[in-house]
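Okay, here's what each chain looks like letter by letter:
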Amino acid sequence: MDPQRTIRRAISCAGIGLHSGRKVTLSLKPAPQDAGIRFRRTDLGGIEIPATVANVGGISYATALARSEGTVETVEHLLAALVSSGIDNVLIELNTPEVPIMDGSAAPFIYLIQEAGIRRLPAARRYLKVLRPITLSRGDKRIALYPSDHFKVTYSISFDHPLLRHQARTMRITEESFVEDIAAARTFCFLKEVEMLRQNGLALGGSLDNAIVIGETGVLNSALRFEDEFVRHKILDVIGDLALVGCPIIGHVVAHRGGHALHTAFASRILEESDAWRLVEAPTAGIHAAPQPVSVAVRTAPASN
Ligand SMILES: [Zn+2]
């Protein structure tokens, strides 16, 4: 079996919220097996918000979770770093509603997790192994999940902009490939969107230090980190959003022109189509050994505090 994991010790960082512009302190703390990934608002009496599709709140330009009076926003890059590092259980404390944007990528969160270290727990990890395709389309946006022996993502984007017409990439996602090829890819926006975002009270903390800004003749930042940094960031986003299904996926995600609304709706669709997958205890099940079906339900509803 693969053991569940948490972090070895508590660790903190400070930053600002991309959309709110507010200062925030983020702490990651070890959590017991089967606790899952949970946010806690320390400024709201410790309200806990499990990172599950049941708690998806408003989606605008970032993914938000909400439960009773508590909300947390812009969770996707941190969730991508956690699940790609194999962290099943962790308590994430915030003193404002928004996860800090850091440099607009998941790399600073990978650094935090590596500094905190990994602790293996006695219980087995459960994977969601895809048995038949699951699909969701909205207009020209579409996303699907197909059977595969590994967790893979294919993403394609296309925009009506001379600098960013079309990018596509397929990757097998492992701890190593995420760190090497995806974690450092930054969020991006078009210069012509920035004023509209700000008028709507969004991107108030945005700057060239935490987002790629695409102008009419080039990116305003000094350099890109990857030639196809944009599509790599979309892969990062979909990994973070699909973390809301509550356990790692063994399957091939194929997405075209998606965004947070489509990704999180798809996370719900996956859990609804429960005959399209089963929970198994080892990622290689079906290759070297018969899959071990397990009867425990994926966490779709928040556990009591
Ligand atoms: Zn993003």
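All residue numbers refer to position in the chain's written sequence, counted from 1. Residues qualify for local features only when their pLDDT is at least 70, as the model is predicted, and side-chain atom pairs are given and counted only at 80 or more; totals for whole chains, interfaces and linings, by contrast, use all residues. For the side-chain quantities, the full set of heavy atoms in the structure was used; hydrogens and water were omitted.

## Some details on the overall build of the chain
Argument step 1. Numbering goes from the N terminus for both helices and strands, where a helix is a DSSP run of H or I of at least four residues and a strand is a run of E of at least two. Per the secondary structure count, the chain includes six helices and 20 strands.
Argument step 2. Evaluated residue by residue, the chain yields a buried proportion of 54% over its 305 residues.
Argument step 3. The contact rule is simple, with two residues in contact once any of their heavy atoms fall within 4.5 Å. Sequence separation of 24 or more characterises 73% of the internal contacts of the chain that already satisfy a separation of 6 or more.
Argument step 4. All accessible areas in this document rest on Shrake-Rupley with a 1.4 Å probe, and a residue is counted as covered only by the protein chains that are shown. Total accessible area on the chain stands at roughly 13,000 Å², and carbon and sulfur atoms take up 50% of it.
Argument step 5. In this tally, Asp and Glu contribute negative charge and Lys and Arg positive charge; neither His nor the terminal groups of the chain are included. One atom stands in for each charge, and that atom is NZ of Lys, CZ of Arg, CG of Asp or CD of Glu. Taken together, the 33 basic and 32 acidic charged side chains of the chain have centroids lying 3 Å from each other. Think of it in three bands: residues with accessible area under 20% of the maximum for their type are buried, residues over 50% are exposed, and the middle band is partly exposed, with areas taken using a 1.4 Å probe on protein chains only.

## Focus on the coordination of the zinc ion
Argument step 1. The protein atoms that coordinate the zinc ion are His77 (NE2), His233 (NE2), Asp237 (OD) and Asp237 (OD), at distances spanning 2.0 to 2.8 Å.
Argument step 2. Every donor counted, the four donor atoms about the zinc ion form angles of 51 to 151 degrees at the centre, which fits irregular coordination.
Argument step 3. As a motif over one chain, the donors of the zinc ion read H-x155-H-x3-D. Of this pair, His77 sits in helix 1 (residues 76-84) while His233 sits in helix 5 (residues 229-242), placing them 156 residues apart in sequence. Water is not among the atoms examined, so metal sites may look incomplete; donors are the N, O and S atoms within 2.8 Å of the metal, or within 3.2 Å for Na, K and Ca. A four-donor site is called tetrahedral if each angle lies between 85 and 135 degrees; a four-donor site is square planar, and a six-donor site octahedral, when trans pairs exceed 155 degrees and the remaining angles lie between 65 and 115; all other cases are labelled irregular.

## Some remarks on the sheet that holds strand 9 (residues 90-94)
Argument step 1. Two strands qualify as a pair provided DSSP detects at least 2 bridges between them. Strand order in the open sheet formed by five strands is 2-3-9-4-5, and the pairing between neighbours is mixed. Both edges of this open sheet fall to strand 2 (11-16) and strand 5 (47-50), since each of them pairs with a single strand only. For this sheet the average axis-to-axis angle between neighbouring strands, irrespective of direction, equals 25 degrees.
Argument step 2. Sheet analysis places strand 3 (residues 23-30) next to strand 9, joined by five bridges and oriented antiparallel. Following the sheet pairing, Leu26 is matched in strand 9 by Leu94.
Argument step 3. With axes taken as lines fitted to C-alpha atoms, and helix axes fitted only over the stretch in contact, angles between N-to-C directions fall between 0 and 180 degrees. Helix-sheet contacts for helix 2 (residues 107-116) involve strand 2 and strand 3, and the interaxial angle to strand 2 is about 165 degrees.

## Digging into the packing of aromatic side chains
Argument step 1. Working definition: a ring pair exists when centres of Phe, Tyr or Trp rings (six-membered ring for Trp) sit within 6.5 Å. Plane angles under 30 degrees give stacked, over 60 give edge-to-face, the rest tilted. Enumeration over the complete set of coordinates arrives at three aromatic pairs.
Argument step 2. Taking the centre distance of 5.1 Å and the plane angle of 85 degrees together, the rings of Phe188 and Phe230 count as edge-to-face. Here Phe188, found in strand 16 (residues 188-190), pairs with Phe230, found in helix 5; they are 42 residues apart in sequence, far enough to count as distant.
Argument step 3. Residue classification places Phe188 among the buried residues on the basis of a relative accessible area of 15%.
Argument step 4. Here the aromatic residues Phe159, Phe188, Phe190 and Phe230 are joined through ring pairs into a cluster of three or more.

## Side note on the sheet that holds strand 11 (residues 127-130)
Argument step 1. With respect to topology, three strands assemble into an open sheet ordered 18-11-20, the strand pairing being mixed. Looking along the sheet, the strands with just one partner apiece sit at the ends: strand 18 (249-250) and strand 20 (277-280).
Argument step 2. Across two bridges, the pairing between strand 11 and strand 18 is parallel. When the bridges of strand 18 are listed, Leu128 appears paired with Ile249.

## Re the environment of Phe230
Argument step 1. Note on Phe230: relative accessible area 4%, which makes it buried.
Argument step 2. Measuring from C-alpha to C-alpha, the distance between Phe230 and Ala185 comes to 7.2 Å, with 45 residues separating the pair along the chain.
Argument step 3. Discounting chain neighbours no more than four positions away, the residues touching Phe230 are Ile157, Leu164, Gln167, Phe188, Ile212, Ile214, Val219 and Leu224.

## Details of helix 2
Argument step 1. Those residues of helix 2 that sit buried are Pro108, Phe109, Ile110, Leu112, Ile113 and Ala116.
Argument step 2. In the core, the buried residues of helix 2 are packed alongside strand 1 (3-7), strand 2, strand 3, helix 1, strand 10 (118-124) and helix 3 (175-182).
Argument step 3. Positive backbone phi, approximately 80 degrees, marks Gly117, located one or two places after helix 2.

## What to know about a nonpolar patch on the surface
Argument step 1. Patch definition: residues above 30% relative accessible area lacking any salt bridge, with like charges linked at up to 9 Å and the nonpolar side chains Val, Leu, Ile, Met, Phe, Trp and Tyr linked at up to 5 Å. Salt bridge criterion: a side-chain nitrogen from Lys or Arg within 4 Å of a carboxyl oxygen from Asp or Glu. On the surface, Leu191, Leu208 and Leu220 cluster together into a nonpolar patch covering about 260 Å² of accessible area.
Argument step 2. Structurally, Leu220 is set in the loop between strand 17 (212-214) and helix 5.

## Looking at the pairing of strand 14 (residues 152-158)
Argument step 1. Counting buried positions along strand 14 gives five out of seven residues, so the element sits mostly inside the fold.
Argument step 2. The sheet contact formed by strand 14 and strand 15 (residues 166-172) spans seven bridges and is antiparallel. From the neighbouring strand, Thr154 faces strand 15, where its bridge partner is Thr170.
Argument step 3. Sheet topology note: the strand 14/strand 19 (residues 252-256) ladder contains five bridges and is parallel. Paired with Val153 across the two strands is Val253, which belongs to strand 19.

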